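Remarks on the overall topology
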Amino acid sequence: MSGPDISVVICVYTEDRWEDILAAVSSVRAQSYPALETLLVVDHNEALLDRLTKEYKEATDVRVFANAGPRGLSAGRNTGIASSYGEVIAFLDDDAVAERDWLKHFAAGYADPRVMAVGGRTEPIWASGRRPAWFPEEFDWVVGCTYRGLPRGLVKVRNVLGGNASFRRTAFDFAGGFASGIGRDGDRLPLGCEETELCIRLTRAKPDAVLMIDDRAVIHHRVPGPREHFRYFRTRTYAEGLSKALVARSVGADKGLESERRYATRVLPAGVARGLRDAVLARPGGAGRAGAIVAGVLTAAGGYVVGSVRVRRGGVTYSVAGTGAGAGGEGAAGAEGGSR
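The notes below deal with the structure included here. (Residues numbered from 1 in each chain as written. Predicted model: local features only at pLDDT ≥ 70, side-chain atom pairs only at ≥ 80, totals over all residues. Heavy atoms only, no water.)

In this section: the overall build of the protein chain. Within the protein chain, the secondary structure is distributed over 10 helices and 11 strands. Counting all 340 residues of the protein chain, 55% fall into the buried class. The long-range share in the protein chain, meaning contacts at least 24 apart out of those at least 6 apart in sequence, stands at 78%. Counting only carbon and sulfur atoms, one obtains 53% of the accessible surface of the protein chain, whose full area is about 14700 Å². (Helix = DSSP H or I, 4+ residues; strand = E, 2+ residues; numbered from the N terminus. Buried < 20%, exposed > 50% of the residue type's maximum accessible area, 1.4 Å probe, protein only. Contact = heavy atoms within 4.5 Å. Areas by Shrake-Rupley, 256 points an atom, 1.4 Å probe, with all protein chains shown as cover.)

Right under this line is the structure:
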């Protein structure tokens, strides 16, 4: 099958997701467009590293690595990039499964040499079996999924979403790797935005780069029970505000908040209006969805203010790592650059 060789990186950190990890790998192995390899990068968990090494010791298409950088998702991804051989590197969450044509649609996007990244659509699998009535689709990013307000179809975007994304290898030559200190770090506060910062940095380094979303490239992402509750919703939206402050510090508020302004001024008010309309029509959850949107905006704004103050005071630092000297490297993810 013609097209770029694609390496798939799955970052993992806990044995609690053992069955999910096996399902994620199986979904990659079942692709209609075969992956060159699947790389499992284990984030500072020796027991999980040993277990996965034994599980796939006979596999020729799955390789297991320890995160060679500091704890966290960004360093894990950088380790995967440095250790991979593919012309394109795709990223899949460890609690998600990809549809059969996921990589096929990614590969098609790279027929245009200007394309540096292609993302897809992520659908939630709710632990309770259905979306909580109060949970607004406009905030599905809280649980790592595609949210109402993103453009549909095959479209150019500012940034792809990290749990369902792919990058041309040369993108990391231009931009460097994922920034440590912005994204998630094990069980700490659920931060994010590391892929946003990378994508903006990429288009600054290579102004003619094209970043795409193809919503035919679908994965299904498990949402555990605790994340269906308002407490997690509030924590995650606050953490997003903290992360946006770091992104704005890195790339400037003009680019760092460009898409968020449209989202806040157009998408969210429309969501509140729909919720209130549903409440008037006595439809379940309407008032709750409207209230959750307002609460989400306020907590994210609070996080942004706190994060901005911390950044100005120098209490928060992060660094952009390299991704290794070449494809297939076995060593560390690369020396970190200076904090910005």
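Okay, back to it.
Under the definition given, this model contains 24 salt bridges. Ionic pairing is found between Arg277 and Asp278, a salt bridge with its closest N-O pair at 3.5 Å. Residue classification places Arg277 among the partly exposed residues on the basis of a relative accessible area of 43%. You can call Asp278 buried: its relative accessible area is 10%. Close ionic contact of Asp278 with Arg289 constitutes a salt bridge, the shortest N to O distance being 2.7 Å. Taken together, the residues Asp278 in helix H9 (residues 258-280) and Arg289 in helix H10 (residues 286-312) connect sequence positions 11 residues apart. Among the charged side chains, a network of salt bridges with common partners joins Glu137, Glu138, Arg148 and Arg274. (Salt bridge = Lys/Arg side-chain N within 4 Å of Asp/Glu carboxyl O.)

The next thing to look at is empty space enclosed by the protein. In this structure the tally under the stated criterion is one cavity of 30 Å³ or more. Approximately 50 Å³ is the volume found for the largest cavity. Among the secondary structure elements, those contributing two or more residues to the lining of the largest cavity are strand E6 (115-126) and strand E10 (210-223). Each residue belonging to the lining of the largest cavity can be placed in one class, and the counts come to three nonpolar, two polar and three charged. (1 Å grid on protein atoms, 1.4 Å probe; cavity = no way out; pocket = protein on both sides within 12 Å on 5 of 7 lines; lining within 4 Å. Points joined across faces, edges and corners; volume = space filled by probe spheres on them. Nonpolar A, V, L, I, M, F, W, Y, C, P; charged D, E, K, R; others polar.)

Take the packing of helix H1 (residues 18-29) against helix H2 (residues 46-55) next. Packing of H1 against H2 brings their axes to within 12 Å, and their N-to-C directions diverge by 40 degrees. Viewed along their axes, H1 and H2 adopt a mutual orientation that is oblique. The element H1 and its partner H2 pack so that their crossing is right-handed. Note on element contacts: H2 touches H1 through Leu48, Arg51, Leu52 and Glu55, opposite Trp18, Ile21 and Leu22. (Axes fitted to C-alpha atoms, helices over the stretch in contact; angles between N-to-C directions. Parallel < 35°, antiparallel > 145°, perpendicular 65-115°, else oblique. Left-handed = near helix turned anticlockwise from the far one by under 90°.)

Another aspect to go through is unusual backbone geometry. Backbone geometry at His44 places phi at a positive 55 degrees, although glycine is not the residue there. The topology assignment puts His44 in the loop between strand E2 (37-42) and H2. Even without a glycine there, the phi angle at Ala282 is positive, about 60 degrees. Residue position: Ala282 is located in the loop between H9 and H10.

Now for the packing of aromatic side chains. Scanning all chains against the criterion turns up 16 aromatic pairs. Ring centres 5.5 Å apart and planes at 70 degrees place the aromatic pair Tyr147 and Tyr263 in the edge-to-face group. Placement of Tyr147 in the loop between E6 and strand E7 (154-156) and of Tyr263 in helix H9 is noted, with a sequence separation of 116 residues between them. For Tyr263, a relative accessible area of 13% corresponds to the buried category. Ring geometry for Phe167 and Phe178: centres 6.1 Å apart, planes at 90 degrees, overall edge-to-face. (Phe/Tyr/Trp six-rings, centres within 6.5 Å; stacked < 30°, edge-to-face > 60°.)

Here the focus is the nonpolar core. The biggest cluster of nonpolar side chains holds 34 residues, and the ones touching the most others in it are Val8, Ile10, Leu40, Leu52, Leu92 and Trp102. Element by element, the count of residues in this core is highest for H1, at six residues. Ignoring anything within four residues of it in the chain, the contact list for Leu40 reads Ile10, Val12, Ile21, Val25, Leu52, Tyr56, Val62, Arg63, Val64 and Phe65. Residues Ile81, Phe91, Ala175 and Cys199 belong to the second largest nonpolar core, which totals 25 residues. (Core = buried A, V, L, I, M, F, W, Y, C linked by side-chain atoms within 4.5 Å.)

Before going further, it helps to spend a moment on the pairing of strand E1 (residues 6-12). Of all seven residues making up E1, seven are buried, and the element is well covered by its neighbours. Neither face of E1 is left uncovered, since the one carrying Ile6, Val8, Ile10 and Val12 and the one carrying Ser7, Val9 and Cys11 both have all their residues buried. In the sheet, E1 pairs with strand E4 (residues 88-92) via four bridges, with the strands oriented parallel. Within the sheet, the bridge partner assigned to Val8 lies in E4 and is Ala90. (Pairing = 2+ DSSP bridges.)

So, on to the pairing of E2. Counting buried residues in E2 gives six out of six residues, a clear majority hidden from the surface. Of the two faces of E2, both are covered, the one formed by Glu37, Leu39 and Val41 as well as the one formed by Thr38, Leu40 and Val42. Note: E1 against E2, six bridges, orientation parallel. Counted as the bridge partner of Val12 is Val42 from E2. Each parallel crossover has a hand, and for E1 linked through H1 to E2 it is right-handed. Sheet topology note: the E2/strand E3 (residues 62-66) ladder contains five bridges and is parallel. Note on E3: the bridge partner recorded for Leu40 is Val64. In this fold, the crossover linking E2 to E3 by way of H2 has right-handed handedness. (Right-handed = clockwise from strand over helix to strand, strands pointing away.)

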